[in-house]
Amino acid sequence: MLKSLDPRVTRLPVVEIAKPKAQLDQFGTYEVFVEPKSGKPFQHEGSVHAPNLEMAYILAKETFTRRFTCSSLYVVDTRDVYVSSMTEGEQNVFDLIEQSESTNGTSDFEIYQLIKRGKQHVFLGSVKAGTPQEAMATAKTKLNTGKIVYNIWAIEANKIRFTTEEEKEYWITLPEKKFRDASNYKGGDKLKRFLEKVNS
Amino acid sequence: MNNQALKELLYKMADDQLILGHRNSEWTGMGPLLEEDIAFSSMAQDKIGQSLALYTLLQELGERDPDTVAFTRSANQFHNCQLVELPNQEYDFSLIRHFLFDTAEALRFEMLSESSYEPLAQLARKIRGELRYHTLHANTWIKQLGTATPESIERLQKSLEYAMPFALGIFEPSPYENELISSNIFLGEENLKKRWMEKVESVISQTNLNLPDWNLVKPELGGRLGTHTAHLQPLLDEMSEVFKIDPTAEW
């Protein structure tokens, strides 16, 4: 304990004892990616709180795909999403990504791109690499079209809880659930008819 | 085709889903996590949608329209098992009920996808994906909380023991068991119960929970014949409140 006549000094944390950062006292977050229709690219939809990957999957399914259509979904721990820096204006983020030393790694990485600020990250393609940094560098040579991209994500595929082929039947009846779509209630029309009746 | 037997089967299935759908929807806005609140509410909606599909089949067999059937009968005219009408308690009970009931429901529809009554077989195939998610959801929660902390394990264990006699009431034999089996409409409650016990055992064995000895559990029967606990009528009164004020109300 530091001793000083100045109370601010005695309040300083003791620096010589290395302690781990406090454990989370709440659920961590998992990122959710959705394929809205078969053949359309996956896109980032948001995140859910969960105690583990499988719980995140079951919670994400209704939180993000309870309306309209969906053909597949996956979740991954937020800490397994590696992000590049964010650029602006005419700056293509791929131009800032440095070539990384090859590790001869053969893990699959899913690469996501942000092509409009304020929009979602959308799937760009898959690459093989040993590290997220190498995956981004490989994406730079293989997937960069020169079009301006503001941000890149790299996610190792084996960290992802995917939807299996058989599981895709979860969403078969989803397009019929129109009662979850607010516009289906035509509230404006009902209000108009009601007001006409009241005012006439 | 034996219509009486078929109608009895459809009524008890539809009533189970309507009543449990209503009970589970009581958690809307009060779920333990935002994401779980949404998931549980969605599945409650699915159950009511499935009951509507079954009541529609009944209408095609000459019964009254689904709204009238759902909203104008009194408790002793309902064929649901008593498990589904029990009031919500803590969330552990709702999860255990969801697990025990939906496991049976998914297996029942799996059997019915081969039914000789084609409209029911078609419905069973159509909603297979919905039921698959419901059981994944239930199994994942039971495995999670059944292995998490001493408190979560103890809570689930208590709820499991409380719910088990009522869960066995799901399989109360119909007066028409033999007709349903011989006409290949449905393989029967005894067959379903066997499959259900295996499935329940396989999930519970992955947790720190203990199943009671099946032979020592006395099933709570009577629901299929219209005998219910005191909890069903208040549920029906609440559910049909708007319909009784204005049967043509739309929203």
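Relevant structure appears above.
Definitions and limits used
Residues numbered from 1 in each chain as written. Chains lettered and ligands numbered in written order. Predicted model: local features only at pLDDT ≥ 70, side-chain atom pairs only at ≥ 80, totals over all residues. Helix = DSSP H or I, 4+ residues; strand = E, 2+ residues; numbered from the N terminus. Rg over C-alpha atoms; globule rule 2.2 N^0.38 Å. Buried ≥ 20, exposed ≤ 12 C-beta atoms within 10 Å, placed from the backbone. Contact = placed C-beta atoms within 7 Å. Nonpolar A, V, L, I, M, F, W, Y, C, P; charged D, E, K, R; others polar. Expected span 1.5 Å × (residues − 1). Pairing = 2+ DSSP bridges. Axes fitted to C-alpha atoms, helices over the stretch in contact; angles between N-to-C directions. Left-handed = near helix turned anticlockwise from the far one by under 90°. Parallel < 35°, antiparallel > 145°, perpendicular 65-115°, else oblique.

## Considerations on the overall build of chain B
- Looking only at helices and strands, chain B has twelve helices and zero strands in total.
- Relative to the globule expectation of 18 Å for 251 residues, the C-alpha radius of gyration of chain B, 18 Å, shows essentially globular dimensions.
- Across the 251 residues of chain B, 41% fall into the buried class.

## Here's the deal with the interface of chain A and chain B
- In this assembly, 16 residues from chain A lie in contact with 17 residues from chain B.
- Secondary structure elements with two or more residues in the side of chain A that touches chain B: β2 (43-50) and α2 (53-64) of chain A.
- Ranked by the residues each element gives to the side of chain A that touches chain B, the list is headed by α2(A), at seven residues.
- Residue composition of the side of chain A that touches chain B, grouped by class: eight nonpolar, three polar and five charged.

## Some thoughts on unusual backbone geometry
All names here are of chain A.
- A positive phi angle is found at Phe 68, which is not glycine, with a value near 65°.
- Secondary-structure assignment places Phe 68 in the loop between α2 and β3 (72-77).
- By the C-beta count within 10 Å, which is 14 here, Phe 68 ends up partly exposed.
- Positive phi, normally seen in glycine, also occurs at Lys 186, with a value near 45°.

## Some thoughts on helix α1 (residues 3-25) of chain B
- Taking 1.5 Å per residue, 23 residues should reach 33 Å; α1(B) reaches 32 Å between its end C-alpha atoms and fits that length.
- Within α1(B), 18 of the 23 residues are buried, which leaves it mostly tucked inside the rest of the structure.

## Describing the pairing of strand β5 (residues 107-114) of chain A
Residues and elements named next belong to chain A.
- In terms of burial, β5 is largely enclosed, as six of its eight residues are buried.
- With seven bridges connecting them, β5 and strand β6 (residues 122-129) associate as antiparallel partners. Looking at the pairing, Phe 109 lines up with Val 127 of β6.
- With six bridges connecting them, β5 and strand β7 (residues 151-156) associate as antiparallel partners. Looking at the pairing, Gln 113 lines up with Ile 152 of β7.

## Remarks on the packing of helix α5 (residues 91-112) of chain B against helix α7 (residues 128-145) of chain B
Residue and element names in this part refer to chain B.
- Across the interface, α5 lies against α7 with an axial gap of 9 Å and an inter-helix angle of 145°. Relative to α7, α5 is oriented so that their crossing is left-handed. Of the residues in α7, those touching α5 at Leu 95, His 98, Phe 99, Asp 102, Thr 103, Glu 105, Ala 106 and Phe 109 are Arg 128, Leu 131, His 134, Thr 135, Ala 138, Trp 141 and Ile 142.
- Broken down by class, the residue content of the contact of α5 with α7 amounts to eight nonpolar, four polar and three charged.

## A look at the packing of α5(B) against helix α10 (residues 189-204) of chain B
Residues and elements named next belong to chain B.
- Where α5 contacts α10, the two axes come as close as 9 Å, and the packing angle between them is 130°. One way to sum up the angle between α5 and α10 is to call them oblique. The crossing of α5 and α10 is right-handed. Of the residues in α10, those touching α5 at Leu 100, Thr 103, Ala 104, Leu 107, Arg 108 and Met 111 are Leu 192, Arg 195, Trp 196, Lys 199 and Val 200.
- For the contact of α5 with α10, the residue count by class is seven nonpolar, one polar and three charged.

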